[in-house]
Structures are given as structure tokens and as C-alpha cells.
Amino acid sequence: MNVFEQHMEQMAKREKMLEAEGVKIFKLSTTERQEFKECRRRWDLASLSRQGLEPKRPATALWFGTLIHYGLEMYYATRDTDQPVMPWNAFTEAAAKSVAEIEASQRGLWDEQKAEFQEKIDLGTEMLRNYVDWASVADYKADSGFSKVICTEREFAIPIQDPQGNPARFTDGGGQVWELWLVGRFDMVVQDYEGRYWLLDHKTSKDRLDPEILILDDQMTVYLWAAQQIFGEKFEGALYNVLRKKLPTVPKLVYQGKQLSKAKNIDTTYEVYMAEIEKHGFDPEDYKDILEHLQNKPNTFFQREKVRRNQHEIAIAGIMLYMEGIDMLNDPYIYPNPTWDCRWKCDFKDLCKAINRNDDVEWMKNAMFQKREVEGVYGRERTDE
């Protein structure tokens, strides 16, 4: 039994012990933490400790990211075996199953909805094909790769600590005692070529991620705190594995189809451009300049950033968890916090407008939402863009 399995066995025993004592567990996830700090109303609607609602049809961006994660999970879990699972195969199979379930739950989908799902499936399939080509080099470089995959896609649960270092507890106004746990999911735990431990986090994005923003990523700092508790090892930081949600541009034919455009601002890769040269039977020597430019240009479709955290940052993240959990359990006021991000980020934006207008909110809840089911130790987590 490995370290991770031993830890989860211990947590299962602790859960039974707390149940026997009449102590309830408050499971605090990254999604819940984000929603509480961003919008109390969204948190109240979604949290398993509150109304626990989820849409019958998920936001497409979040649906897409979750499936990309699944494809990468299957790839890295089997990559070094005799029968590796190609990520695009796992992705398309899971996507088809998910769309069928959504269609059944909504008693059908409009043609526009079906087309939107298919467009995302086609995009994800090609993204993952291109990713494997890129990762077959990047994964084995000392500066961006890793020597060993410790685990892929593991749910975790860990008691949050109070200022004295003990499992944090809180007694609510009704006298109920709660123990606070952080719950979540590690995308990957890896070791680099010097034996240091890192968390690796998969992300999909429209654009490259700014390393200066990643330094402030609260979720990953908290996850590093949890990983150190579980593995008993110091972690160096996080590797952000970013897949851009765009395919390389195919160069256009110009001069009545006699050659390819040589514009150097084209958003593509050396491999895609060379494939078009070969497809049309052109001479690569005629495209020497643009090919050299693309060969020397950093890949803009995939990005792997190393972001380190020192031990002080990680320790402070553990203290912040305690404060946030107490705030959530202490009967907080509920109010909305509308922003421009509501357009794509919030599953409840239409319901929120209905609440503001005093529309038939209960009808909307029944028609558009369903009660979330608790899955695994952590209950709920969402994969953002």
C-alpha cells in the first residue's frame, strides 16, 4: 500500500470515529472557497452544506475542461505501460457518454446545442493529438519535465488545522460540533530529475497564462499544503500544464494557389506548416525562412510553467483555510456579487436574475437544476478554464 492509499485509509477510519462521536464533517473544497469569496449567493445555491444545486446542463467551458482532464489522466496513468491509452480516445468516448446523459436528462437537445458540443469535441480531439507530440519532448526535458509520475487524478481529504496545530473544530449556534476538512483532487504528483516533489496542474485556456498571476494562485498553494501533510515531504511548487483552446492555423494558398503564404505572424507550428508544404508538393527550400522562424519560435499552443512556493507561503495557506472554514460555518449573510465574469463563469446567472425580479424561483430550480450527489470523499470539485 502506498503513502496515498495509507492516508485515505486513515481518513476513512477518522470519518467513522467522528460519526460515532456525533461530530459532523464540513468538507471545504477549492470551488466552495472560490464561490464563497466571489459571490455568497452562488455559494449558497451550490454548496453541499447549503442548497446543493447543480445545473442539469453544465456550462460548456467547464464541461470541456473536465473532459480534457480525463483524457490527460488516462494518458499519464498508462503512458509507460505496454498499452497506453491515447488521450483523444479517452476524451471522445467520455464526451459522447456525457452528451448522451445530458440529452436524456433534458429530454433532448436543440440542433444548436448538439452542434456546440460537437464543435468542442472536435477541438479537444485535435488539441490532445497535438499535445502528445509536444509532450513527447517536453516531458523529458530537465527544465520542464519530470522523471517520475507518482500518481494521477487522486481525490484527497485532510483535516484543516487550528492555530495550535490540532484538527480544527467549530460549534455552531445549534450546538452541533463540526470538524473542518480540506477536500480536493490532485491532477498529478511528480518528481523532477533531482528527486524533488511537485504538483502538476492541467489547465485549458484561450491564451497563455501569465507567470506573475500564477504566483498568486491560492488554490495551488493550498494544495501544496495538503500534499505535504499527506506525503510527509516538502514540495518544491507547481507545474502548470496549459493547453490552449485553439488549433494551429493552416497557411493559406496565395498567388492563385501556386504557393503558401509566408507571413511570419501566422499562429501555427512548424509541423503544421511543413505538412501543408508536403500536402501540395511544394519544395521546402522555398520556405526556408518561415520554417526556420517557426522552428525557433516557442510553441504558443502549449505551456508549462514552474512556479515555486516557499515553506512560509505554504504554512500561511493552511492558516487561511481555518479562517475561511469558520466564516462559512458561522451563519454568514447571503448576498450576490455580480461581475462581468457571471456571463461565462456562473451556472446560476439566470436564477440569480429571477431572484432579483421575484420571479417563480422554485419553478426554475425544479426545471433547470438538480440536487448534487456526493461523490467520493470530497463531494464536489470543478475544473475551470
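Use the structure listed above.
Going along each chain's sequence as written, the residues are numbered from 1 onward. Given that this is a predicted model, residues contribute local features only at a pLDDT of at least 70 and side-chain atom pairs are listed and counted only at 80 or more, while totals for whole chains, interfaces and linings are drawn from all residues. Processing note: side-chain calculations cover all non-hydrogen atoms of the structure and skip hydrogens and water entirely.

Participant: Just to check I follow, could you spell out the overall build of the chain for this structure?
Facilitator: Put simply, DSSP marks the helices as runs of H or I at least four residues long and the strands as runs of E at least two long, and each gets a number from the N terminus on. The number of helices and strands found in the chain is 14 helices and 11 strands. For the chain, the C-alpha radius of gyration of 24 Å lies close to 21 Å, the compact-globule estimate for 385 residues. Each residue's exposure class comes from its accessible area (1.4 Å probe, protein chains only) as a fraction of the maximum for that residue type: buried when under 20%, exposed when over 50%, partly exposed otherwise. Out of the 385 residues in the chain, the part that is buried amounts to 47%. Long-range pairs, those at least 24 residues apart, make up 75% of the contacts in the chain with a sequence separation of at least 6. Note on areas: these come from Shrake-Rupley sampling with a 1.4 Å probe, and a residue is covered only by the protein chains present in the view. When the accessible surface of the chain is summed, it comes to about 20400 Å², and 49% of that surface belongs to carbon and sulfur atoms. Charge counting treats Lys and Arg as positive and Asp and Glu as negative, with His and both chain ends excluded. Each charge is placed at NZ for Lys, CZ for Arg, CG for Asp and CD for Glu. If you average the places of the 53 positive and of the 66 negative side-chain charges in the chain, the two averages end up 2 Å apart. Values of the radius of gyration come from C-alpha atoms, whereas the globule rule sets the reference at 2.2 Å times the count of residues to the power 0.38. The contact rule is simple, with two residues in contact once any of their heavy atoms fall within 4.5 Å.

Participant: Explanation requested: unusual backbone geometry in the structure shown.
Facilitator: Glycine aside, negative phi is the norm for most residues, and most peptide bonds take the trans geometry. With phi around 50 degrees, Asp331 is a residue other than glycine that occupies positive phi space. Relative to the helices and strands, Asp331 resides in the loop between helix H11 (311–329) and helix H12 (342–345). In this model, Asn358 sits at a positive phi of 60 degrees, which is unusual for a non-glycine residue. As for its placement among the helices and strands, Asn358 is situated in the loop between helix H13 (349–357) and helix H14 (361–368). On the accessibility criterion, Asn358 (68% relative accessible area) is exposed.

Participant: Teacher, can you tell me more about helix H9 (residues 270–279) here?
Facilitator: Structurally, the α-helix is built with 3.6 residues per turn, so residues lying three or four positions apart point the same way. Among the residues making up H9, those that are buried are Tyr273, Met274, Glu276 and Ile277. An end-on view of H9 places all buried positions within 155 degrees of arc, on one side of the element. Projecting away from the buried face of H9 at angles above 90 degrees are the exposed residues Glu271, Glu278 and Lys279. Tucked into the core, H9 has its buried residues touching strand S9 (259–260) and helix H10 (288–296). Directly beyond the C-terminal end of H9, a positive phi value near 70 degrees is found at Gly281. Here the arc refers to the set of directions running from the helix axis out to each C-beta atom.

Participant: Sorry if this is basic, but what is going on with the side chain of Gln191 here?
Facilitator: You can see Gln191 is positioned in strand S5 (residues 177–191). Those residues in contact with Gln191 that lie beyond four places of it in its chain are Phe146, Ser147, Lys148, Ile150, Arg196 and Tyr197.

Participant: Got a minute to help me understand a nonpolar patch on the surface in this structure?
Facilitator: There is a patch of nonpolar side chains on the surface, built from Ile316, Ile319, Met320 and Met323 and spanning about 330 Å² of accessible area. Relative to the helices and strands, Ile316 is located in helix H11. Patches were defined on residues exceeding 30% relative accessible area and lacking a salt bridge, with like-charge contacts within 9 Å and nonpolar side-chain contacts (Val, Leu, Ile, Met, Phe, Trp, Tyr) within 5 Å. Whenever a carboxyl oxygen of Asp or Glu lies within 4 Å of a side-chain nitrogen of Lys or Arg, that contact is scored as a salt bridge.

Participant: Looking at this structure, how should I read the pairing of strand S10 (residues 302–308)?
Facilitator: Looking down a regular strand, the side chains alternate between one sheet face and the other. Where burial is concerned, most of S10 is hidden: 5 out of the 7 residues are buried. By the bridge criterion, 7 bridges tie strand S7 (residues 235–244) to S10 in an arrangement that is antiparallel. Its bridge partner lying in S10, Ala238 is registered against Val307. Should DSSP find at least two bridges between two strands, the strands are taken to pair.

Participant: Whenever I open this one, the state of the cysteines confuses me. Can you help?
Facilitator: In a disulfide, the sulfur atoms of two cysteines are held together by a covalent bond. The definition used for a disulfide is geometric: two cysteine sulfur atoms within 2.5 Å. What the rule picks out here adds up to 0 disulfides. Cys342 carries a free sulfur, and the closest cysteine sulfur to it, the one in Cys346, is 5.7 Å from it. On the basis of relative accessible area, Cys342 is assigned to the partly exposed category, the value being 23%. This cysteine, Cys352, is not joined by any disulfide, and Cys39 carries the nearest cysteine sulfur, 6.0 Å off.

Participant: Would you mind going over the side chain of Asp162 with me for this structure?
Facilitator: By the secondary structure assignment, Asp162 is in the loop between strand S3 (148–159) and strand S4 (169–171). Although Asp162 is buried, it makes no salt bridge; Arg169 carries the closest opposite charge, 8.5 Å away.

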